[in-house]
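For reference, the chains in residue letters:
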Number of protein chains: 4
Amino acid sequence: MSKPAYEHPFRVALHDTDAAGVLFFAHLFRRAHDAYEAWMASLGFPLPEMIREGRIALPLVHAEADYRRPLRHGDGVQVEISIAALETSRFSIDYRFQTEQGTAATARTVHACIHPGEKGARPLPEPLHAMLRACQVN
Amino acid sequence: MSKPAYEHPFRVALHDTDAAGVLFFAHLFRRAHDAYEAWMASLGFPLPEMIREGRIALPLVHAEADYRRPLRHGDGVQVEISIAALETSRFSIDYRFQTEQGTAATARTVHACIHPGEKGARPLPEPLHAMLRACQVN
Amino acid sequence: MSKPAYEHPFRVALHDTDAAGVLFFAHLFRRAHDAYEAWMASLGFPLPEMIREGRIALPLVHAEADYRRPLRHGDGVQVEISIAALETSRFSIDYRFQTEQGTAATARTVHACIHPGEKGARPLPEPLHAMLRACQVN
Amino acid sequence: MSKPAYEHPFRVALHDTDAAGVLFFAHLFRRAHDAYEAWMASLGFPLPEMIREGRIALPLVHAEADYRRPLRHGDGVQVEISIAALETSRFSIDYRFQTEQGTAATARTVHACIHPGEKGARPLPEPLHAMLRACQVN
């Protein structure tokens, strides 16, 4: 795997776990989105402003995850982000959840660009597309 | 305690629990809000419409809970709602979390009436105030 | 699509949504798991007992979802469950999130049977395998 | 207010907010617990080990919060922790959620010391009591 475009650390919190003693699977997606938010802000495209301005939105059209090893309360995790695909009006992000024991899980999210209130996908704004392209070639 | 104004059942889900094997305390407030939403809809004041219309909002200004017995995965819980206080521009809701073993927890939420975008509390709309008053005397 | 093996209703709660006004994608998986828990209990294999007894576990090894239409606060949703695949030591569940406007989302979870503390997948207990097979042919 | 015993930063994530555009009240308690976990680890009493060892537990018996200003997606928040009360077998933690605009919310959690499987509260282990006492006098 190539060098990740971004890395985001977190520690598995008590509220990430369930009575089976391990991270509840749906919370992996919450943690992935935290990494995505931090990454977008670091690129100069903070989601809070994008959502408040309301000109474009990047809703998820697909999400998936593969769970290889259980994540336990207190585990230190590094989320490695890379761009899996970049098209005119959508992009895919890969997430790798790394611990000292190796890769605990991987995930992917696919985002489409829309104009809120209008139908169908729209081209990504050129500055955002250019930035994602730059992340991809790294 | 007087007859509750409303009752709302739920079963403790896996995602309500944590690695200590019991309901994570913050999720009790999520479950309380579910009961509050269902109750408001049953009174003819559905929150989704209120929030979409945006003329008034009823944000929480206070929340508290007392935990008496642990709630475990699979426990059947009845949330009993009653009105603890009703003022011109705010109201307090009491929640009692009942299981077969008795009361597992109690909670209270205090809601103020505001006009989004304006400062300070406003009187509750008269139809809502009247309905809450009617629930109170039951 | 064939008749679902199970149906589970829910209403999109305020805490399911985010500041973009629609269901936050990760919460779809929480709602899917609620349907899965209710279905397993209806089949006579309640997860809470399975987890407490600790002889077998059915951890998720994969989860995915496709989001077709945004789900909004207050939307009534019927989760339709069916069995996508059944093997000796794992099974896949399909979820269809139906609203009055049609299918808002679909999801899939893949569960492997393990013996906690031991390595590798184990055959599903025969009574559970038989029950899932029976659901499949319906 | 005296100097906090610990400070823990976070940024309001999309999943912290709801369709009303602000932090959903129950998530404040999740964020408070994150600060509590980080603080306990910094003191040398990591919760994950405590829960896994199972000799003592510090379950919440009470939680409350006052919401002064809405927290919005992207807001930077500093959680200031201090010890509100310390008794033989329980302690209370105060949380102050500070933003650039001032205090957005305050919260309190009350923890009792128990021995899992036994009835009633037990004295806090002396090393933990001593550490909390030291934090209190700062």
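A brief look at the structure comes next. Computed from a predicted structure; not experimentally measured. (Residues numbered from 1 in each chain as written. Chains lettered and ligands numbered in written order. Predicted model: local features only at pLDDT ≥ 70, side-chain atom pairs only at ≥ 80, totals over all residues. Heavy atoms only, no water.)

Before going further, it helps to examine the interface of chain B and chain D. The interface of chain B with chain D comprises 18 residues on the first partner and 18 residues on the second. A combined buried area of about 1500 Å² lies between chain B and chain D, and 71% of that area is made up of carbon and sulfur atoms. By the criterion of area lost to chain D, the three top residues of chain B are Phe25(B), Phe29(B) and Tyr67(B), representing 30% of everything that side buries. Here chain B is connected to chain D by zero salt bridges. For the pair chain B and chain D, the number of links is eight residue pairs in polar contact (both at pLDDT 80 or more). Among the secondary structure elements, those contributing two or more residues to the side of chain B that touches chain D are α1 (25-42) and β2 (60-67) of chain B. Broken down by element, the residue count for the side of chain B that touches chain D peaks at eight residues, all from β2(B). Note that β2(B) and strand β2 (residues 60-67) of chain D share five bridges and pair antiparallel. Residue His62(B) lies in a different strand from β2(D), and its bridge partner there is Asp66(D). (Contact = heavy atoms within 4.5 Å. Buried area = accessible area lost by both parts, 1.4 Å probe. Salt bridge = Lys/Arg side-chain N within 4 Å of Asp/Glu carboxyl O. Polar contact = N/O pair within 3.5 Å; in protein donor to acceptor, adjacent residues only side chain to side chain. Helix = DSSP H or I, 4+ residues; strand = E, 2+ residues; numbered from the N terminus. Pairing = 2+ DSSP bridges.)

Residues and elements named next belong to chain D. Within β2, six of the eight residues are buried, leaving the element largely enclosed by the surrounding structure. Of the pairings in the sheet, the one linking β2 to strand β5 (residues 102-112) comprises seven bridges and is antiparallel in character. Bridge pairing links Leu60 to His111 in β5. (Buried < 20%, exposed > 50% of the residue type's maximum accessible area, 1.4 Å probe, protein only.)

Let's shift gears to the relation of the copies chain B and chain D. For these two chains of identical sequence, chain B goes onto chain D by a turn of 180° and a shift of 0.0 Å along the axis, with RMSD 0.0 Å. Considering both components of the superposition, the chain copies are consistent with a two-fold axis. Residues of chain B ranked by C-alpha distance from the rotation axis are headed by Glu64(B), positioned 2.0 Å from it. Interface overlap between copies: 100% of the residues of chain B at the interface are likewise at the interface in chain D, consistent with a symmetric, same-surface contact. (Least-squares fit on C-alpha atoms with pLDDT ≥ 70 in both.)

This part covers the interface of chain B and chain A. Counting from both sides, the interface comprises eight residues of chain B and, opposite them, eight residues of chain A. Among the residues of chain B in contact with chain A, Leu14(B), His15(B) and Ala19(B) are the three that bury the most area, contributing 53% of the side total. Across the contact surface, chain B and chain A share zero salt bridges. Between the two partners, chain B and chain A, sit four residue pairs in polar contact (both at pLDDT 80 or more). Of the residues contributing to the side of chain B that touches chain A, the split by class is four nonpolar, three polar and one charged. (Nonpolar A, V, L, I, M, F, W, Y, C, P; charged D, E, K, R; others polar.)

Attention now goes to the relation of the copies chain B and chain A. Two copies of one chain are present, and they are related through a rotation about an axis combined with an axial shift. For the pair chain B and chain A, the best superposition has an RMSD of 0.0 Å and corresponds to a rotation of 180° with a translation of 0.0 Å parallel to the axis. The overlap is high: 100% of the interface residues of chain B also sit at the interface in chain A, so the same surface is used on both sides.

Under the 1.5 Å per step criterion, the end-to-end length of helix α1 (residues 25-42) of chain C is 27 Å for 18 residues, consistent within 8% with the ideal 26 Å. Following α1(C) by one or two positions, Gly44(C) adopts a phi angle in the positive range, close to 90°. (Expected span 1.5 Å × (residues − 1).)

All names here are of chain C. Here the structure, examined in full by the defined rule, presents zero disulfides over all chains. Free cysteine: Cys113, not disulfide-bonded; nearest cysteine sulfur from Cys135 at 16 Å. For Cys113, a relative accessible area of 0% gives the class buried. (Disulfide = S-S within 2.5 Å.)

Before going further, it helps to spend a moment on the sheet that holds β2(B). Across a sheet, paired strands are connected by hydrogen bonds in the backbone, their directions being either parallel or antiparallel. With antiparallel pairing, the ten strands of this open sheet are ordered in space as β1(B)-β3(B)-β4(B)-β5(B)-β2(B)-β2(D)-β5(D)-β4(D)-β3(D)-β1(D). Each edge of the open sheet is held by one strand with a lone partner, namely β1 (6-11) of chain B together with β1 (6-11) of chain D. Ignoring which end each strand starts from, the neighbouring axes of this sheet average 20° apart. For β1(B) and strand β3 (residues 76-86) of chain B, the ladder comprises six bridges, and the chain directions are antiparallel. Its bridge partner lying in β3(B), His8(B) is registered against Val79(B). Of the strands in this sheet, β1, β2, β3, β4 (90-99) and β5 (102-112) of chain B together with β2 and β5 of chain D are in contact with α1(B), which crosses β1(B) at around 135°. In this fold helix α1 (residues 25-42) of chain D packs onto β2 and β5 of chain B together with β1, β2, β3 (76-86), β4 (90-99) and β5 of chain D, with an angle of close to 135° to the strand it touches most, β1(D). (Axes fitted to C-alpha atoms, helices over the stretch in contact; angles between N-to-C directions.)

Just distances and angles here, no functional claims.
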